[in-house]
Amino acid sequence: MSAENSPAERVAIGISFGNSYSSIAFTTGDGKAEVIANEDGDRQIPSILSYVEGEELHGGQAKSQLVRNAQNTVAYYRDFLGQEFKSIDPSPCHQSAHPVQHESTIAFKIRDTTEEKENAVTVSIITTRHLRRLRNSASDYLGKSVNAAVITVPTNFADAQKDALNKAAKEAGIEVLQFINEPVAAVLAYDAQPEAKLADKIVVVADLGGTRSDVAVVASRGGIYTILATIHDYEVSGFQLDQVLIDYFAKEFIKKHKSGGDPRENDRSLAKLKLECEAVKKALSIGSTANFSVESLANGIDFTSPINRTRFELLGNKIFAAFARLVAHAVEKANLDPLDISEIILAGGNSHTPKTAAAIKSVFPTTTTVLAPSTSPAAINPSELSVRGAAIQASLIQEFDVEDIEQSTHPMVTVTPHLSRAVGVLCISPDAATGKFHAIVDAETPLPVRRTAIIATPREGGDVLVKIAEAARHIKVTKPQPKSKPAKDDDDSEDDSDDESEEEEDEELREQTWQVGAVLSEAALRGLKKGAKVEVQINIAADLSVNAIYREVGGKGGVRGILQGGGAKAQNGSA
């Protein structure tokens, strides 16, 4: 009986399939996600296959073949799935097997058998072989045959790419229960922690990946995640960080061994440079110094050179700054202000580098929490975020029927109206013209929604007018008052002018306020006790009708207010 026909027969895991690395995870009996190591002990498994006289090498073993067997080693192929050859960028494969056009798809010309001839192996077949190896590693670890998975994909993965990945997974004996977007999986990994407190928030998930950067702005509302904006940039990547180290050590080698030539001009020497520079980058994420050491780097010359973290950060400063600008641009693209962002989750291997988090912190206010190993002891390993989220989702849905899973992920369900403005309460006493706005339902919340809040009323009690209104966030900028300049003698004016120019101006103060708009419903509560509190329940239906109930906490009865459809403003979004 197949897993598709019987959910009881499923053994499901989470799979993170990246261009550079993949990982696999499962959930324990108490619901905790654990990342599985393969046979070599690697939890971050290079997404690479290599063939030596017909033997298939995988992961770390395959990666080492980039030096001596590059033409039969396939790497950086995930984004080629479901694509036409003319639309791909083959440059990441410069030091491995090159992609070629094969009929209507993309393939690699490699010797993957004991015969001397080259075969055209499609990207779909390579993916199937890679997923099969991941599945086998998980099955060996768990002691039972894995046959289903939730797989992470980038937010810009097209339907054709998902279809190709689904087909490749099925060929590998894996039923794809669901594709989950990488940033959503990362947020889920944090929200599923036992100590996590679920709250409405806006989160940015930023991944300085190997071949590209991915940034997503995610609204978390009552456990439902909505992607507000995304950015993908191939010009800012971990490869560039590797490249600054490659150039630095190549120049150091030339400086020390002028007769050795430039190691970047020889494919084998360049592959050695690249592998060691990646190891140095990882070492500098943990310690303040690292040692570059390669036997026979070029022309038989061994080369060793030290480097410290400060120099590496200076070398890569432009890349870190560009990544921070990307994150800020994603927030701007979502029509938000940095003050709106509650958390920034740094994902991916390059997030271990302390400078990555430092660059992000420099462009966001102190109220924004940056979750990375160098900034928070509570940070989850950035390399494991996506796969942990995928494993948690797999545990939640593995017992569902296929039809139920498909229905729950259908656009009719996931593409829902969202509030474009916050909805909240104003409590106004007869003596006051206005009241303070208390947001109850934040903007970007999927509909329908129900929220309850307890609001303090004016201290004197008595009659209180309670209004439910829409409001938009507003950033209030307060410029510092110019300081009065002390009188000074004419003789001192020239000497003091330089000092004045060097004086730093006080920074402007930026704070978040509300601009209250249309009133949707209101009710008068009479004879409230001094210091009383009011409980307000708001129900907003999918047709935007607003139903509100107002009552004094501890009091009897209540007042109901109803506004028919079209009251609140909405926009479409993906939940």
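A few points on the structure.

Conventions we followed
Residues numbered from 1 in each chain as written. Predicted model: local features only at pLDDT ≥ 70, side-chain atom pairs only at ≥ 80, totals over all residues. Heavy atoms only, no water. Helix = DSSP H or I, 4+ residues; strand = E, 2+ residues; numbered from the N terminus. Contact = heavy atoms within 4.5 Å. Areas by Shrake-Rupley, 256 points an atom, 1.4 Å probe, with all protein chains shown as cover. Phe/Tyr/Trp six-rings, centres within 6.5 Å; stacked < 30°, edge-to-face > 60°. Buried < 20%, exposed > 50% of the residue type's maximum accessible area, 1.4 Å probe, protein only. Pairing = 2+ DSSP bridges. Axes fitted to C-alpha atoms, helices over the stretch in contact; angles between N-to-C directions. Salt bridge = Lys/Arg side-chain N within 4 Å of Asp/Glu carboxyl O. Expected span 1.5 Å × (residues − 1). Parallel < 35°, antiparallel > 145°, perpendicular 65-115°, else oblique. Nonpolar A, V, L, I, M, F, W, Y, C, P; charged D, E, K, R; others polar. Core = buried A, V, L, I, M, F, W, Y, C linked by side-chain atoms within 4.5 Å.

In terms of regular secondary structure, the protein chain is built from 13 helices and 29 strands. In the protein chain, once contacts between residues fewer than 6 apart in sequence are set aside, the share between residues at least 24 apart is 66%. About 28,300 Å² of surface is accessible on the protein chain, with carbon and sulfur atoms providing 46% of the total.

For the structure on display, the rule yields ten aromatic pairs. On the numbers, 5.1 Å between centres and 70° between planes, the contact of Tyr-248 with Phe-249 is edge-to-face. Comparing Tyr-248 with Phe-249 shows no difference in burial state: the two are buried. Members of the aromatic cluster, joined through ring pairs, are Tyr-248, Phe-249, Phe-253, Phe-292 and Phe-303.

Attention now moves to the sheet that holds strand β5 (residues 49-52). Strands sit in the order β6-β5-β7 across an open sheet of three strands; the sheet is antiparallel. Edge positions in the sheet fall to β6 (55-58) and β7 (73-74), since each of these pairs with one other strand and no more. Across four bridges, β5 lies against β6 in antiparallel orientation. Among the inter-strand pairings, Ser-50 is bridged to a residue of β6, identified as Leu-57. The sheet strands contacting helix α1 (residues 60-68) are β5, β6 and β7, and the helix crosses β6 at an angle near 100°. Against the sheet, helix α2 (residues 123-142) engages β5, β6 and β7, with an angle of about 70° to β6.

The next subject is the pattern of salt bridges. Enumeration according to the criterion identifies 22 salt bridges in this entry. With a shortest N-O distance of 3.1 Å, Lys-255 and Glu-252 are connected by a salt bridge. With a gap of three residues between them, Lys-255 and Glu-252 both fall in helix α5 (residues 238-256), about one helical turn apart. Assessed through its relative accessible area of 59%, Lys-255 is described here as exposed. Among the charged side chains, a network of salt bridges with common partners joins Arg-78, Asp-79, Glu-182, Arg-212 and Asp-214.

Turning our eyes to something else, we now look at the sheet that holds strand β8 (residues 99-102). Strands sit in the order β8-β9-β10 across an open sheet of three strands; the sheet is antiparallel. Taken across any chain shown, the strands that pair with only one partner, and hence form the sheet edges, are β8 and β10 (119-122). Between one strand axis and the next, the sheet turns through 50° on average, direction left out of account. Bridge analysis of strand β9 (residues 105-110) against β10 gives four bridges, and the strand direction is antiparallel. If you follow Lys-109 over to β10, its bridge partner there is Ala-120.

Taking 1.5 Å of rise per residue, the 20 residues of α2 would be expected to cover 28 Å, and the 29 Å separating its terminal C-alpha atoms lies within 8% of that figure. Within α2, burial applies to Val-123, Ile-126, Thr-127, Thr-128, His-130, Leu-131, Leu-134, Arg-135, Ser-137, Ala-138 and Ser-139. At the exit of α2 stands Gly-143, carrying a positive phi of roughly 75°.

Let us look at the packing of helix α4 (residues 182-191) against helix α10 (residues 385-397). Where α4 contacts α10, the axes come no closer than 7 Å and their chain directions differ by 75°. Taken together, the axes of α4 and α10 lie roughly perpendicular to each other. Residues Glu-182, Ala-185, Ala-186, Leu-188, Ala-189 and Tyr-190 of α4 pack against Leu-385, Ser-386, Arg-388, Gly-389, Ala-390, Ile-392 and Gln-393 of α10. Of the residues contributing to the contact of α4 with α10, the split by class is eight nonpolar, three polar and two charged.

As a further point, take unusual backbone geometry. For Glu-103, which is not glycine, the phi torsion reads 55° and is therefore positive. By the element assignment, Glu-103 lies in the loop between β8 and β9. Owing to a relative accessible area of 68%, Glu-103 belongs among the exposed residues under this scheme. Backbone geometry places Ser-296, a non-glycine residue, at a positive phi of 50°. Along the chain, Ser-296 turns up in strand β16 (residues 289-298).

As a further point, take the packing of α1 against helix α6 (residues 267-286). Contact geometry for α1 and α6: axes closest at 7 Å, N-to-C directions at 145°. For the pair α1 and α6, contact is made by Lys-63, Leu-66, Val-67 and Arg-68 and by Arg-268, Ala-271, Lys-272, Leu-275 and Glu-278, respectively. Partitioned by chemical class, the residues of the contact of α1 with α6 number four nonpolar, no polar and five charged.

What follows covers the nonpolar core. Counting 50 residues, the largest nonpolar core has Phe-249, Leu-273, Phe-292, Ile-307, Phe-323, Leu-346 and Ile-360 as its most contacted members. With nine residues, the single largest contributor to this core is helix α8 (residues 317-333). Every residue in contact with Phe-292, bar those within four places of it in the chain, is listed here: Phe-249, Leu-273, Glu-276, Cys-277, Val-280, Leu-297, Phe-303, Thr-304 and Ser-305. One finds Leu-134, Ala-138, Val-146 and Ile-151 within the second-largest nonpolar core, a separate group that totals 43 residues.

Turning to its location among the elements, Leu-57 is positioned in strand β6. The exposure class of Leu-57 is buried, given its relative accessible area of 10%. For the pair Leu-57 and Thr-73, spaced 16 residues apart in the sequence, the C-alpha separation amounts to 9.0 Å. Once residues within four sequence positions are removed from consideration, Leu-57 is found in contact with Ile-48, Leu-49, Ser-50, Val-52, Ala-62 and Gln-65.

All right, on to the side chain of Asp-442 then. The topology assignment puts Asp-442 in the loop between β22 (437-441) and β23 (449-456). What Asp-442 contacts, discounting residues up to four positions off in sequence, is Asp-200, Arg-221, Leu-419, Ala-422, Arg-473 and Trp-514.

Let us look at the pairing of strand β18 (residues 343-347). Counting buried positions along β18 gives five out of five residues, so the element sits mostly inside the fold. Pairing analysis gives three bridges linking β18 to strand β19 (residues 369-371), with the strands arranged parallel. What sits directly across from Ile-344, in β19, is Val-370.

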